[in-house]
Amino acid sequence: MKTLVQEESIPVPKGIKISIKSKIVEVSGKHGTLKRDFKHLPIELYLANSGHEVRAKMYFAKSKQLSMLRSVCSHINNLFDGVQKKY
């Protein structure tokens, strides 16, 4: 059975600038800039709440395809960690 619409949201931490343009996510923080490309996935990425939240949306997906949605959110959270913490 297909799910019509599934949506996940991620809050953007303070001190981080994020830009999303055609499924390319670029995150800037105090320790540099990281970029990640999600063009190979059938999802919709956009900024909400005037840039304080990232939303990922997927339409007409089965359960295994919906797992991509949470993976994308985890990748974006890892981008946030990468520009906040110095390794």
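Everything numeric in this text was worked out from a predicted model, so none of it was measured. (Residues numbered from 1 in each chain as written. Predicted model: local features only at pLDDT ≥ 70, side-chain atom pairs only at ≥ 80, totals over all residues. Heavy atoms only, no water.)

Asker: Would you mind going over helix α1 (residues 63–84) in detail, with residue names and values included?
Answerer: For α1, built from 22 residues, the straight-helix expectation of 32 Å at 1.5 Å per residue is met to within 8% by its first-to-last C-alpha distance of 33 Å. Of the positions making up α1, those classed as buried are Leu66, Leu69, Val72, Cys73, Ile76, Leu79, Phe80 and Val83. Each buried residue of α1 lies within a common arc of 115 degrees when the element is viewed along its axis, so the set occupies one face. Opposite the packed face of α1, turned more than 90 degrees from it, sit the exposed residues Ser63 and Lys64. In this structure, the buried residues of α1 make contact with β1 (3–11), β2 (17–21), β3 (24–29), β4 (32–37), β5 (44–48) and β6 (53–61). (Helix = DSSP H or I, 4+ residues; strand = E, 2+ residues; numbered from the N terminus. Expected span 1.5 Å × (residues − 1). Buried < 20%, exposed > 50% of the residue type's maximum accessible area, 1.4 Å probe, protein only. Arc of directions from axis to C-beta. Contact = heavy atoms within 4.5 Å.)

Asker: Tell me what's going on with the side chain of glutamate 53, and back it up with residues and numbers.
Answerer: Among the secondary structure elements, glutamate 53 is positioned in strand β6. A polar contact of 2.9 Å, which involves the side chain of glutamate 53, links it to the side chain of arginine 55. Those residues in contact with glutamate 53, other than ones at most four positions away along the chain, are Ser9, Ile10, Pro11, Val12, Tyr46, Leu47 and Ala48. (Polar contact = N/O pair within 3.5 Å; in protein donor to acceptor, adjacent residues only side chain to side chain.)

Asker: Describe the sheet that holds β4, and please don't skip the residues or the numbers.
Answerer: Spatial strand order, β2-β3-β4: three strands in an open sheet with antiparallel pairing. Whereas interior strands pair on both sides, the edge strands pair on one side only; in this sheet they are β2 and β4. Pairwise comparison of adjacent strand axes, ignoring direction, gives a mean angle of 15 degrees for this sheet. Sheet analysis places β2 next to β3, joined by five bridges and oriented antiparallel. Note that in β3 the partner of lysine 21 across the bridge is isoleucine 24. (Pairing = 2+ DSSP bridges. Axes fitted to C-alpha atoms, helices over the stretch in contact; angles between N-to-C directions.)

Coordinates in, geometry out; function isn't part of it.
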